[in-house]
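Results of the structural survey
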Amino acid sequence: MASQESITASQEPKITTQEPKMISQEPETTSQEPETTSQESKVASQEPTVTSQEPKMISQGSKSASQEPNTSSQEPVTTASSNPSSKYSNRVALKTILEPSDRWREFVDERVVVGGWVKSSKELKKEPAVPEPQQQTTEAPNVSPGHKDVRCVEIFQSRIPIFRSIAKIFGGGGSSHPVREKPEPAIPEPPQPPVAYLLVSDGSSVASLQVVVDSSVAPLSQLLPIGTCILVEGVLKEPSTQSKRSIELKVEQILHIGKVEQDRYPLSKKLLPLEALRDCSHFRPRTTTVASVTRISSALSFATQTFFHDKGFLYVQVPIITTTDGEGFSEKFQVTTVLGKDGKQNDTGGVSLEVVKAAVIQKSNLVEELKRSESNREALASAIQDLHKTNQLASQLEAKEKLKSGPSMKADKPSFYGDFFSQQTYLTVSGLLHLESYACALGNVFSFGPRFRADRKESTKRISEMWMVEVQMAFSQLEDAMNCADEYFKFLCKWILNKCSEDMEFVSKRIDKSSSYRLESMVSSSIEKISYMEALKKVAVKFKINEEWGIALTPEHLSYLAEDVYRKPVIIYNYPKELKPFYVRLNDDGKTAAAFDMVVPKVGTIITGSQSEERIDMLNKTIEELRLPREQYEWYLDLRRHGTVEHSGFSLGFDLMVLFTTGLPDVRDVIPFPRSRGKANN
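Everything in this summary refers to the structure shown in the same document. (Residues numbered from 1 in each chain as written. Predicted model: local features only at pLDDT ≥ 70, side-chain atom pairs only at ≥ 80, totals over all residues. Heavy atoms only, no water.)

Focus on the sheet that holds strand β7 (residues 321-322)
- Ordered in space as β7-β9-β8, the three strands form an open sheet in which the pairing is antiparallel. On the outer flanks of this sheet lie β7 and β8 (334-335), each paired with one strand and no other.
- Relative to strand β9 (residues 425-427), β7 runs antiparallel, the two being bridged by two bridges. Looking across to β9, one finds that Thr322 is bridged to Tyr426. (Pairing = 2+ DSSP bridges. Helix = DSSP H or I, 4+ residues; strand = E, 2+ residues; numbered from the N terminus.)

Here is the structure:
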């Protein structure tokens, strides 16, 4: 390729010197500008000003500085610190060049290697430049007698058209054949090859880079399809024609082409709705919207680590597989390896009768709770149906137990013969209980990971697998947890405004115009703290419901408080003990629990927290009242038996925080690979 470029440059150096006007009039001819490289000695000798600005490889930082000491004093040297990708690859991330928006000026005439995926493309086939025919004139040129550069031959040649005209008038001096004037044929310019203009994105920034490729460098048909991956080397230039782009890359060498099967590739120039993109989640990050959301999510994750690290918290990994129900009555995924090929449970192991009976008790408690609240009839109907199926399963297992005999089947010790674990295990719904054990030894700790709920209800705010940030603090009470949650939430909002300005600008234009303003208002406003009864009184007037103690506040109620009443974050505390998990500390009044919910506009409840019950007698009483399987919580009770301490904490729905930041309506659009009922494609 390098040899072809040098030939082209040597054959067409006159296009830019003889006809500069054509460059400004015909934008497609800009691609034929000879590229100045270190091998073009002839062009460099003719244009010394270009030689003094010889580009260097910014992707090789220290090497360029050592090889070109003269240019380093004239041009700013770009080191590896400004190019985060150069340490492990010679490819330069586009963010290095394009963000902030005025930084591109530093890289004009720099030689770089960039890679990415084609988002849009166009091919321009340029017509050859036809020179104007020489204009014949009957007047002699105005030549000064004293002009030393005009020779006699040139003066004679300038008179030839006059002599031909006279000969034509007088019949050519008696000749029988008239003298015909032969027009001088115009020398056609060689045909100019087509040029491809590609918009390339590598996912590092919102902006894309315009890449200009001449057909002499590579077959354009391989580069034009949307989704093609390319790795190219060239020189960054300012566009010589009017363009929306501030800088473009003139490609001199193609290093890699990843072809695309166009008939099967789901993305195109047209914008696809987010709902359609969920069916091809492995290609979603190539879209500008999902890429921007992912960068914001990554920034929130780093901000979380930064906040708790600076506050002295230790990061702890809690188990995903557990034998404990973290809330006491949640819907859990069972973990087992004894399912047969037909999807049915083998007779040699599986669910025991005792476990099913415990599940019946849990589901009965849930039904009773929903009946008391009278707030969600659909949830109540679903819970009753689920309880009915569980009772049927218990009856079937009881019938099987009567038919079987033998010492191996004991009522007090269920058999899990053939299963991976020797007892019932689940995917965790919460890591707070396990996190308490480390808080009671190390002080302040936090965890960040996936949590799972086998909830069959469809919701735009909750799906089966979601990530949670969970915090536990020893020697702290409810007020401490509320203050920490408030400070942490505002830290996240401020971090995104400061670190993701380009992405937030895109989000404000394409998704939610009020997204940046919403984050700014969260940072500047003071949080409102109200009790459960105060909240109930305010929503009772609006929604015309009875102010009855124990009624659950619905998402609609909470959104009304945050968006219409206070228009800022709201913390609701001292809930009825029946509405909160078993481990929440009972207040002195005997009917309220030391728990809180933080509610924000657009999303609703984003943080839930509480002070844990440190008194073993009170915790034992609650477990008995709720008829929870005591054997699951013996290890948890040990923390109260041996060196108990007051402690509190909270959990933030990380995916909901991304949803709040971007303004998207559905949590499935901010999770890389969403898992919901009936949807697990990859």
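So, next bit.
Considering the pairing of strand β3 (residues 209-214)
- Summarising burial for β3: six of the six residues are buried, a large majority.
- Sheet analysis places strand β2 (residues 195-201) next to β3, joined by six bridges and oriented antiparallel. Across the sheet, the residue bridging to Val195 is Asp214, located in β3.
- Of the strand pairs in this sheet, β3 and strand β5 (residues 248-258) are connected by three bridges, and their pairing is parallel. For Gln210, the partnering residue across the bridge sits in β5 and is Glu248. (Buried < 20%, exposed > 50% of the residue type's maximum accessible area, 1.4 Å probe, protein only.)

Quick word on the sheet that holds strand β10 (residues 444-452)
- The eight strands are arranged β6-β10-β11-β16-β15-β14-β13-β12 in an open sheet whose pairing can be described as mixed. Edge positions in the sheet fall to β6 (314-315) and β12 (528-531), since each of these pairs with one other strand and no more.
- Bridge count for strand β15 (residues 604-611) against strand β16 (residues 647-653) is five bridges, and the pairing is antiparallel. By the bridge assignment, Thr608 is partnered in β16 with Ser651.
- Together, β6, β10, β11 (465-474) and β16 form the strand contacts of helix α11 (residues 288-310), whose direction differs from that of β10 by roughly 155 degrees. (Contact = heavy atoms within 4.5 Å. Axes fitted to C-alpha atoms, helices over the stretch in contact; angles between N-to-C directions.)

Side note on the pattern of salt bridges
- For the structure shown, the criterion picks out 26 salt bridges.
- We note a salt bridge from Lys602 to Asp512, for which the minimum N-O separation is 3.8 Å. Of this pair, Lys602 sits in the loop between β14 (592-600) and β15 while Asp512 sits in the loop between α16 (501-510) and α17 (515-524), and the two are 90 residues apart along the sequence.
- For Lys602, a relative accessible area of 38% puts it in the partly exposed group.
- Overall, Asp512 belongs to the buried group, its relative accessible area being 9%.
- Between Arg668 and Asp666 there is a salt bridge, with the nearest N and O atoms lying 2.7 Å from each other.
- With relative accessibility at 6%, the residue Asp666 sits in the buried group.
- Within the structure, one salt-bridge network assembled from shared partners comprises Arg278, Asp666, Arg668 and Asp669. (Salt bridge = Lys/Arg side-chain N within 4 Å of Asp/Glu carboxyl O.)

Some points on α17
- Among the residues of α17, Ser515, Ser516, Arg518, Leu519, Ser521 and Met522 are the ones counted as buried.
- On the buried face of α17, the contacting elements are α15 (478-499), α16 and α22 (654-662).

Quick word on the nonpolar core
- Grouped together as the largest cluster of nonpolar side chains are 52 residues, with contacts concentrated most on Phe489 and Phe660.
- Tallying contributions element by element places α15 first for this core, with 11 residues.
- Excluding residues that lie within four positions of it along the chain, Phe660 makes contacts with Phe489, Cys493, Arg518, Leu519, Met522, Val600, Pro601, Lys602, Val603 and Ile606.
- Among the nonpolar cores identified, the runner-up in size contains 27 residues, and Trp104, Val112, Ala196 and Leu223 belong to it. (Core = buried A, V, L, I, M, F, W, Y, C linked by side-chain atoms within 4.5 Å.)

As for the packing of aromatic side chains
- With the rule as written, the count across this model stands at 22 aromatic pairs.
- Plain terms: the ring middles of Phe302 and Trp495 are 5.7 Å apart, the flat faces sit at 55 degrees to each other, and that makes the pair tilted. Residue Phe302 is located in helix α11, and its partner Trp495 is located in helix α15; the two are separated by 193 residues in the primary sequence.
- Classification of Phe302 as exposed rests on a relative accessible area of 52%.
- Each ring, one from Tyr488 and one from Phe650, has its centre 6.3 Å from the other, and the planes form 35 degrees; the classification is tilted. Linking Tyr488 in helix α15 with Phe650 in strand β16, this pair joins segments that are 162 residues apart in sequence. Here Tyr488 matches Phe650 in class, with each residue buried.
- Chaining the aromatic ring pairs together yields one cluster made of Phe302, Phe307, Phe308, Phe313, Tyr315, Phe446, Tyr488, Phe491, Trp495 and Phe650.
- Taking NZ or CZ as reference, Lys499 lies 5.2 Å from the ring centre of Trp495, over its face.
- Between the NZ or CZ atom of Arg518 and the centre of the ring of Phe660, over which it lies, the distance is 5.3 Å. (Phe/Tyr/Trp six-rings, centres within 6.5 Å; stacked < 30°, edge-to-face > 60°. Lys NZ or Arg CZ within 6 Å of the ring centre and 35° of its normal.)

A word on the packing of α11 against α16
- Taken N-terminus to C-terminus, the directions of α11 and α16 make an angle of 135 degrees; their axes are 10 Å apart at the nearest point. Classified by the interaxial angle, the pair formed by α11 and α16 is oblique. As α11 runs across α16, the sense of the crossing is left-handed. Counted together, Thr288, Thr289, Ser292, Arg295 and Ile296 of α11 and Asp503, Met504, Phe506 and Val507 of α16 form the full contact between these two elements.
- Class assignment for the residues of the contact of α11 with α16 results in four nonpolar, three polar and two charged. (Parallel < 35°, antiparallel > 145°, perpendicular 65-115°, else oblique. Left-handed = near helix turned anticlockwise from the far one by under 90°. Nonpolar A, V, L, I, M, F, W, Y, C, P; charged D, E, K, R; others polar.)

Some details on a nonpolar patch on the surface
- A contiguous nonpolar surface patch, about 290 Å² in accessible area, is contributed by Leu314, Tyr438 and Leu442.
- Tracing the backbone through its elements, the reader meets Leu314 in strand β6. (Patch = residues over 30% accessible without salt bridge, like charges linked within 9 Å, V, L, I, M, F, W, Y side chains within 5 Å. Areas by Shrake-Rupley, 256 points an atom, 1.4 Å probe, with all protein chains shown as cover.)

Concerning the pairing of strand β4 (residues 229-237)
- Most of β4 is tucked away, with seven of its nine residues classed as buried.
- Bridging between strand β1 (residues 111-124) and β4 involves seven bridges; their strand directions are antiparallel. Paired with Arg111 across the bridge in β4 is Val235.
- As defined by bridge partners, β4 adjoins β5 across nine bridges and the pair is classed as antiparallel. Paired with Val232 across the two strands is Ile254, which belongs to β5.

As for unusual backbone geometry
- Cis geometry is found at the peptide bond from Glu99 to Pro100, where omega equals -5 degrees.
- If you trace the backbone, Pro100 turns up in the loop between α8 (94-98) and β1.
- With a phi angle near 70 degrees, Asp109 is a residue other than glycine that sits in the positive phi range.
- Tracing the chain through its elements places Asp109 in the loop between α8 and β1.
- Phi at Lys602 takes a positive value of approximately 80 degrees, unusual for a residue other than glycine.

Here's the deal with the side chain of Asn620
- When you line up the elements, Asn620 lands in helix α20 (residues 616-625).
- A relative accessible area of 16% places Asn620 in the buried class.
- There is a polar contact of 2.7 Å between the side chain of Asn620 and the side chain of Arg630.
- What Asn620 contacts, discounting residues up to four positions off in sequence, is Arg630 and Leu637. (Polar contact = N/O pair within 3.5 Å; in protein donor to acceptor, adjacent residues only side chain to side chain.)

This is a description of form; function is not addressed.
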